[in-house]
Amino acid sequence: MSSLTEKDRPIVQLLLNTGTCPRCILRFCCVGSQMLYRCPYKDLMKDLKEFLKNNKEKEDTVCFDVVDPPCKRIRLEHTEEGSDDLNHNGALQPIPSVNNENTAMENSAVKVCNVCLGILQEFCEVDFVKKVCQKVNSSDYQFTSFVFSVSLPPQLSVRERAAWLLVKQEMGKLGLSLAKEDIVPLKEAYKWIIHPQLSEELGVPADGKSLFEVSVIFAHPETDEECRFLATACPDCFKPAKNKQSVFTRMAVIKALEKIKEEDFLKHFPCPPSSPKNLSVALEIQCNNGAVFVAGRYNKYSRNLPQTPWIIDGERKLESSVEELISEHLMAEFKADSFNFSSSGREDVDVRTLGNGRPFAIELVNPRRIHFTAEEMKGLQQTINNSSDKIQVRDLQLVTREAIGRMKEGEEEKTKTYSALIWTDKAIQREDIAFLDDIKELKLDQKTPLRVLHRRPLAVRCRIIHTMKSEYIDEHHFRLHLKTQAGTYIKEFVHGDFGRTKPNIGSLLNRTADILELDVESVDVDWPPALDN
């Protein structure tokens, strides 16, 4: 126990006597040696007792006076009132004679720690580590490292505050001080113990930047009972929250502890903290892989296929969508829980997307499988393309979350090209539409179209038609090829949307015009990188 010095002796003696486990004692002695925390529990207890015994023999040589025995009055009060009684004047509760090593050693048998509630005892043992690893291995995740997280019962902060106040008082008697920030955090000590055991059992290193997270959620049956006084003292810190079974969350308790006065705390909570009736329980062991992102371009060849599921008032209108035809295969291969689909713009259900296709990205949430070679991605692309004649994908690849931002960068500054089949009520000749080819950088004012007003705010958007090229078919039909600013409503530019888009093809030709077919011929976004497929 080389990390402990003579100044730690009263802390060790005091905490052992009040029911604190060896590892919590090391924390309060500000011991930063990770190896010490990893020693077996029984060895730590034996070493602490040996430390007290050895230092008792040397007490004549120390440079400060050891703590005085409690006065007779305190001893009598303790005997008469019982160890659970508080001094309601806001003083620390009297404790048994703290300089009696025999008493400390007798009370230090393995029982639930009054500070960590057994977290640094029962849950540091090999059996629990094996239980965690069995859960991880049975979950069938691919991972090459892991990050470990732990959620602790909220009242641990309360018990730690009480223990700190106790130790602070004892240190004060010796002319010393102990800042709360100097105590080794329980979570940190727990990870020091658990990390090497998990790493050895799982066969991979612990890495704080790993995308694979193993988490343990601890709970304790007495949380509400022990934290209730805080809700009385600081009611504004505890607000009912959705998806929370109790108002006593860790953050709410910490916030209340920051607000409550020390004397008020001591009036309502025993100091030293009393021995718990129950051990903490590992409520849940969870595994989670960080999201994986897949990008590519899709072509849509059907005029009866929405980009995303088409559901109105809870009723599905069409049986499938671009999103589903692509994602169902990715979900199956990556074994993900769910997905999020995004793309560079969208087309209507009756519009085809041709040319090099439209860029898209899919976030796969909590995937079990994350490693795919370029050949495997190529095979997955082929599987998607063989599954339907309505869509095709190309350039399918794994990308980073940051790279997806490039798909959305300057979206409205990008250009798109379209091909529209147009009908006119009055007969036309080639010369009637030829002037359209000479129009450049035509500015439009487009009010939000009536057909999308239910899901988009009313606004007037300025859009630009960069170029047009007409292709005469017959007296009532022609095809118009357009290069436009992204975000332009092409259908409305053709028929005018009851005058909500100005100018429009109808007003330019001085006749009624309508659109019969529309194709997206290119989306000029240079992402994702083209692959040799």
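Residues numbered from 1 in each chain as written. Predicted model: local features only at pLDDT ≥ 70, side-chain atom pairs only at ≥ 80, totals over all residues. Heavy atoms only, no water.

Let's shift gears to the nonpolar core. One recurring pattern in soluble globular proteins is that nonpolar side chains are buried together. In terms of nonpolar packing, the biggest core is built from 83 residues, with Phe28, Tyr190 and Phe265 touching the most fellow members. Ranked by the residues each element gives to this core, the list is headed by helix H8 (residues 155–173), at 9 residues. Apart from the residues lying within four places of it in its own chain, the contact partners of tyrosine 190 are Ile119, Leu120, Phe123, Cys124, Phe128, Phe148, Val150 and Phe218. Among the nonpolar cores identified, the runner-up in size contains 35 residues, and Ile422, Ile439, Ile505 and Leu518 belong to it. (Core = buried A, V, L, I, M, F, W, Y, C linked by side-chain atoms within 4.5 Å. Buried < 20%, exposed > 50% of the residue type's maximum accessible area, 1.4 Å probe, protein only. Helix = DSSP H or I, 4+ residues; strand = E, 2+ residues; numbered from the N terminus. Contact = heavy atoms within 4.5 Å.)

We now examine unusual backbone geometry. For the peptide bond that leads from cysteine 271 to proline 272, omega is 15°, which places it in the cis range. In this fold, proline 272 is placed in the loop between helix H12 (262–268) and strand E3 (281–289). Note the cis peptide between lysine 502 and proline 503, where omega equals -15°. The backbone phi angle of aspartate 395 is positive, close to 55°, even though this residue is not glycine.

This part covers the layout of surface pockets. By volume, the largest pocket amounts to about 1000 Å³. Lining the largest pocket we find 32 residues, and of these Arg346, Asp348, Arg455, Arg456 and Tyr489 sit closest to its centre. The set of elements that each furnish at least two residues to the lining of the largest pocket consists of strand E10 (415–424), strand E12 (460–474), helix H17 (490–495) and strand E15 (513–523). Counting contributing residues per domain, the lining of the largest pocket is built from domain 2 (291–411) and domain 3 (416–523), each supplying no fewer than three. (1 Å grid on protein atoms, 1.4 Å probe; cavity = no way out; pocket = protein on both sides within 12 Å on 5 of 7 lines; lining within 4 Å. Points joined across faces, edges and corners; volume = space filled by probe spheres on them. Domains from an automatic or database assignment.)

A surface patch of nonpolar side chains, about 460 Å² in accessible area, is lined by Leu450, Leu453, Leu458 and Phe498. Looking at the secondary structure, you find leucine 450 in the loop between strand E11 (442–447) and E12. The exposure class assigned to leucine 450 is partly exposed, which follows from its relative accessible area of 41%. (Patch = residues over 30% accessible without salt bridge, like charges linked within 9 Å, V, L, I, M, F, W, Y side chains within 5 Å. Areas by Shrake-Rupley, 256 points an atom, 1.4 Å probe, with all protein chains shown as cover. Salt bridge = Lys/Arg side-chain N within 4 Å of Asp/Glu carboxyl O.)

Turning to the sheet that holds E3, a few remarks are in order. Strand order in this open sheet of 3 strands is E1-E2-E3, and the pairing throughout is mixed. Of all the strands in the sheet, just strand E1 (147–151) and E3 have a single pairing partner and so form its edges. Taken pair by pair, the neighbouring strands of this sheet meet at an average axis angle of 20°, ignoring direction. Bridging between strand E2 (residues 212–219) and E3 involves 8 bridges; their strand directions are antiparallel. Along E3, the bridge assignment pairs alanine 219 with valine 281. Relative to the sheet, helix H9 (residues 186–202) contacts E1 and E2, its axis offset from that of E1 by approximately 140°. (Pairing = 2+ DSSP bridges. Axes fitted to C-alpha atoms, helices over the stretch in contact; angles between N-to-C directions.)

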